[in-house]
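The residues making up each chain are set out below.
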Amino acid sequence: MKPPIKRLLFASFSVVLVVFLSTLLVMVIDSDHQASTWIISLFTAGVAAAIAALLVVFWAIPLHLVLVKFNYLNFIWYFLGAVIPSFAFIYGLKPFGDDSAKDLLLQASVCTIIGSMGAFVFWYIAVYKPLLAKDNS
């Protein structure tokens, strides 16, 4: 199963959109709903989307190509592929400051949840939908 470039581009764009919207939602829920916090929420969601775009290009697509090559097409592999950069990002870079172990675990968990939503969208568009179409042909 060779992935067409259009499908990979659509899957990649969809991941970035999902990360932007889910981060924005988390930020808005966590905010006090003042105008300044909306701007901060939009900025944070934009930064998260930019990081997601980089991760898609340099991690998700290469990982996807390896998984396809070895026929590991189950979602669990894509989920595990989302967990690794989430924890590496939070524990390696500590983007929110020098937080406690409990806070780092919470941040990594939120990152993993958002990342796994992106992984699911990527997997659905790039793997599941083509397999479904292939089975129906």
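Notes on the structure in this doc start here. This is a predicted model, so every value here is computed, not measured.

Here the idea is simple: oppositely charged side chains can pair when their charged atoms come close. Within this structure, the stated rule accounts for 1 salt bridge. A salt bridge links D98 to K94, with the nearest nitrogen and oxygen atoms 3.7 Å apart. Accessibility expressed as a relative area gives 70% for D98, which makes it exposed. Relative accessible area serves as the criterion here: at 33%, K94 is assigned to the partly exposed category.

On to unusual backbone geometry, then. Its identity as a non-glycine residue notwithstanding, N71 has a phi of 60°, on the positive side. Within the secondary structure, N71 sits in the loop between α2 (35–69) and α3 (75–93). For N71, a relative accessible area of 55% gives the class exposed. Its identity as a non-glycine residue notwithstanding, K94 has a phi of 45°, on the positive side. The topology assignment puts K94 in the loop between α3 and α4 (101–136).

Turning our attention to the environment of A50. Tracing the backbone through its elements, the reader meets A50 in helix α2. By relative accessible area, which is 41% here, A50 ends up partly exposed. A C-alpha to C-alpha distance of 7.6 Å links A50 and V16, two positions 34 residues apart in sequence.

About the thresholds
Residues numbered from 1 in each chain as written. Predicted model: local features only at pLDDT ≥ 70, side-chain atom pairs only at ≥ 80, totals over all residues. Heavy atoms only, no water. Salt bridge = Lys/Arg side-chain N within 4 Å of Asp/Glu carboxyl O. Buried < 20%, exposed > 50% of the residue type's maximum accessible area, 1.4 Å probe, protein only. Helix = DSSP H or I, 4+ residues; strand = E, 2+ residues; numbered from the N terminus.

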